[in-house]
Amino acid sequence: EAAVTQSPRNKVTVTGGNVTLSCRQTNSHNYMYWYRQDTGHGLRLIHYSYGAGNLQIGDVPDGYKATRTTQEDFFLLLELASPSQTSLYFCASSDAGGGTEVFFGKGTRLTVV
Amino acid sequence: GDQVEQSPSALSLHEGTGSALRCNFTTTMRAVQWFRKNSRGSLINLFYLASGTKENGRLKSAFDSKERYSTLHIRDAQLEDSGTYFCAAEAYGSSGNKLIFGIGTLLSVKP
């Protein structure tokens, strides 16, 4: 089974702060994703990537940047954190695009005060 | 509008009983996954279906792309089944495996 590891698991930052969430997958999957999950919503896609150096815009990208440095590593960047970005963030990975199972990390709870 | 409509939003079961969760899709989907978010917030993969049915222990799931729905049946519910269940569907033509999530079903299993 795919291993997707997120760090940190919990993070508190101040409004205007700079935060980086990290994700590493060890199954050589091509696709990686960042989602956020809020009460009353399912997970919503922020950004995704199909390989090192690639970045695709998701459905809720405002206020977020992302960078895929290697096939294994995908980072989510909040350069000016706002309270509206308080959420549970999930990283995920999958093999070739389309019709394959997606595997999720354990999540990172971010609080912006 | 929402492409994945999940119901019910909340469900309470007594131990040993069962029920079904359902997701309706507004468009034809290529595949569906079901997840459970546990008390620690982790997303557990339950099922991946491109068609038909799958069963795993006390859980059974079905997906009918043509009729645009998927179900998750739970039988003989146990306390540890409590959590939030999500369905997520992948649309045809989407880039990568972009999943569209339902809002989730909060399941509470009581003694």
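Since we're looking at a predicted model, the values are computed, not measured. (Residues numbered from 1 in each chain as written. Chains lettered and ligands numbered in written order. Predicted model: local features only at pLDDT ≥ 70, side-chain atom pairs only at ≥ 80, totals over all residues. Heavy atoms only, no water.)

Visitor: Explain the sheet that holds strand E6 (residues 52–56) of chain B to me, please; I cannot follow it from the model alone.
Guide: The strands that make up a sheet are held in pairs by hydrogen bonds between backbone atoms, and each pair lies either parallel or antiparallel. All names here are of chain B. A sheet is described by the order of its strands in space; here five strands give the open sequence E1-E3-E8-E7-E6, paired in antiparallel fashion. This sheet does not close on itself; its edge strands, each paired only once, are strand E1 (4–7) and E6. The average undirected angle you get between the axes of adjacent strands in this sheet is 15 degrees. Note: strand E7 (residues 59–64) against strand E8 (residues 69–74), six bridges, orientation antiparallel. Each bridged residue has a counterpart across the sheet, and for Asp64 the counterpart in E8 is Tyr69. (Pairing = 2+ DSSP bridges. Helix = DSSP H or I, 4+ residues; strand = E, 2+ residues; numbered from the N terminus. Axes fitted to C-alpha atoms, helices over the stretch in contact; angles between N-to-C directions.)

Visitor: Is there a simple way to think about the side chain of A:Thr13 in this case?
Guide: Mapped onto the secondary structure, A:Thr13 falls in strand E2 (residues 10–13). Setting aside residues no more than four positions away along its own chain, A:Thr13 makes contact with A:Val19, A:Ala81, A:Leu110, A:Thr111, A:Val112 and A:Val113. (Contact = heavy atoms within 4.5 Å.)

Visitor: Could you clarify how one ought to interpret the pattern of salt bridges in this entry?
Guide: Charged atoms that come close allow side chains of opposite charge to pair. Evaluated as defined, the whole model comprises six salt bridges over all chains. Close ionic contact of A:Glu79 with A:Lys65 constitutes a salt bridge, the shortest N to O distance being 3.1 Å. A residue pair is termed long-range when its members are at least 10 positions apart, and A:Glu79 in the loop between strand E8 (73–78) and strand E9 (87–94) and A:Lys65 in strand E7 (residues 65–68) qualify at 14 residues. What makes A:Glu79 partly exposed here is its relative accessible area of 40%. Between B:Glu90 and B:Arg30 there is a salt bridge; the shortest N-O distance is 2.9 Å. (Salt bridge = Lys/Arg side-chain N within 4 Å of Asp/Glu carboxyl O. Buried < 20%, exposed > 50% of the residue type's maximum accessible area, 1.4 Å probe, protein only.)

Visitor: What is the right way to read the nonpolar core from this model?
Guide: Membership of the largest hydrophobic core comes to 23 residues, with the highest contact counts inside it found for B:Phe25, B:Trp34 and B:Leu72. Among the elements of the structure, strand E2 (10–14), strand E3 (19–25), strand E4 (29–37), strand E5 (43–49), E7, E8, strand E9 (83–91) and strand E11 (105–110) of chain B are those that each provide at least two residues to this core. With four residues, E9(B) is the single largest residue contributor to this core. When near neighbours in sequence (up to four residues on either side) are disregarded, B:Phe25 contacts B:Gln3, B:Val4, B:Val32, B:Phe63, B:Arg68, B:Tyr69, B:Ser70 and B:Ala89. Residues A:Trp34, A:Leu76, A:Tyr89 and A:Phe103 belong to the second largest nonpolar core, which totals 18 residues. (Core = buried A, V, L, I, M, F, W, Y, C linked by side-chain atoms within 4.5 Å.)

Visitor: Honestly, the packing of aromatic side chains in this entry has me stumped. Any pointers?
Guide: The relative placement of two aromatic rings is captured by the distance of their centres and the angle of their planes. All names here are of chain B. One pass over the structure, following the stated rule, counts 13 aromatic pairs over all chains. With centroids separated by 6.2 Å and ring planes inclined at 80 degrees, the aromatic side chains of Phe86 and Phe101 adopt a geometry described as edge-to-face. Residue Phe86 is located in strand E9, and its partner Phe101 is located in strand E10 (residues 99–101); the two are separated by 15 residues in the primary sequence. Accessibility assignment for this pair places Phe86 and Phe101 in one class, buried. A cation over a ring is seen here: Arg22 above Tyr69, with NZ or CZ 4.2 Å from the ring centre. (Phe/Tyr/Trp six-rings, centres within 6.5 Å; stacked < 30°, edge-to-face > 60°. Lys NZ or Arg CZ within 6 Å of the ring centre and 35° of its normal.)

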